[in-house]
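Understanding the architecture of this molecule
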Amino acid sequence: MATILDGREVSKIYREKLKKEIGEYKSKGYREPALAVILVGDDPASQVYVNNKRKACQQVGIKSLFYHLPEDTSEEKLLNLVRELNEDPEVDGILVQLPLPKHINPQKVIETIAPDKDVDGFHPENMGKLIANLDSGFVPCTPLGIKILLDHYGIDVKGKDTTIVGAGYIVGKPLSVLMLNMDATITVCHIYTKDLKKHTLNADILVSATGVAHLIKEDMVKEGAIVIDVGISKKDGKIVGDVDFERVKEKASYITPVPGGVGPMTVTALLLNTVKAYKMHLELS
Ligand code: NAD
């Protein structure tokens, strides 16, 4: 029976530390850190994510500025708002909730966010810094949250055969680079991978980030593997992950639940990135 990698518990610890740190800066007379959150349209899942992020900001003492724009907002109007926030010295981070309505090019929006305020870490400059293994950039929140979770449980990834299923821009791809920087041996699988099971069965660490409910079955997991489930989908009205949790937990040594695993860690990583931006902007150490 696997040990649960408890994202809620670990998040609590990190958020307490952040709250204390921010409180200390405020007591020295510094302004509070601020995150601008932009939501375009009324996608219900996006609204839930945005609310969670804003609530978490409030918990630790980060001011969250919320811009809720209508679905038919033009690309130019959104880009102009981002440009304005780029120039605002009281704003440390800018987050544009994805996905955006179809008439807006997300890459254009990402590239308009100033790299020093790109707390999601999606700007090509920050992706480049990740590949170059430079500390001055922002690592995308889900990969960063996974790293913190593994570190917290003392899981050393060095030399471990690690299979990442899913090669998306916001999870799979940057996570493969981050874990390579941590000296893991990486295999990345995707929809065109010929024999997925061959690769998952080889994994000491198996990460799945596809959004395909229960894609990873018990017979695809090596005995004693560490299993990280990033996926979020709905099955029979319930939120489930990519991993068939109930069966796989009997075989794995560690496993993340969905919900309560990677999700809260992603939000915690966002708070950490925002405070990192704040400290860079105010030149605090
Ligand atoms: P994406 O669409 O960008 O990428 C999905 C990847 O999965 C692609 O590389 C695709 O080739 C691969 N894939 C799809 N079906 C597959 C299959 N049957 N076999 C093998 N590979 C397959 O998605 P994303 O933005 O990376 O998100 C992936 C999942 O992670 C979604 O469920 C999303 O909701 C979730 N997510 C969770 C968090 C969190 O905080 N827990 C954060 C971000 C994303």
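Up top is the structure.
Each chain has its residues counted from 1, following the order in which its sequence is written. Reporting in this predicted model follows two pLDDT cut-offs: at least 70 for local features of residues, and 80 or more for side-chain atom pairs to be given and counted; totals over whole chains, interfaces and linings ignore these cut-offs and use all residues. Where side-chain values are given, they derive from all heavy atoms of the structure, hydrogens and water being excluded.

1. Some words on the layout of surface pockets
Counted only if it meets this: Within this scheme a cavity is a closed region of a 1 Å grid, computed over the protein atoms alone, that accommodates a 1.4 Å probe without allowing it to escape, whereas a pocket is open but has protein on both sides within 12 Å along at least five of seven lines; lining residues each have an atom within 4 Å of a point. Grid points are joined across faces, edges and corners, and a volume is the space filled by probe spheres set on the points. We count a stretch as a helix when DSSP gives it H or I for four or more residues in a row; a strand needs E for two or more, and each element gets its number in order from the N terminus. For this scheme, ten residues count as nonpolar: Ala, Val, Leu, Ile, Met, Phe, Trp, Tyr, Cys and Pro. Four count as charged, namely Asp, Glu, Lys and Arg, and the remainder, Gly too, count as polar.
The computed volume of the second largest pocket comes to approximately 300 Å³. Along its surface, the second largest pocket is lined by 17 residues, and Asp135, Gly137, Val139, Leu144 and Lys276 are the ones closest to its centre. Every element with two or more residues in the lining of the second largest pocket is listed here: α5 (124–131), α6 (141–152), α7 (172–181) and α10 (262–281). A class-by-class count of the residues in the lining of the second largest pocket yields eight nonpolar, five polar and four charged.

2. Description of helix α1 (residues 7–27)
Inclusion rule: By definition here, a helix of n residues has an expected span of 1.5 Å times n minus one. The cut-offs for exposure are 20% and 50% of the maximum accessible area for each residue type, with area from a 1.4 Å probe on protein chains only; residues under the lower value are buried, those over the upper are exposed, and the others partly exposed. To be clear, the arc concerns the directions from the helix axis to the C-beta atoms. Should any heavy atoms of two residues lie within 4.5 Å, those residues are counted as being in contact.
Taking 1.5 Å of rise per residue, the 21 residues of α1 would be expected to cover 30 Å, and the 30 Å separating its terminal C-alpha atoms lies within 8% of that figure. Among the residues of α1, those classed as buried are Gly7, Val10, Ser11, Arg15, Leu18, Ile22 and Tyr25. Buried residues of α1, viewed axially, fall in a sector of 125°; they line one side. Residues Lys12, Glu16, Lys17, Lys20 and Ser27 are exposed on α1 and point more than 90 degrees away from its buried face. Contact partners of the buried residues in α1: α2 (44–60), α6 and α10.

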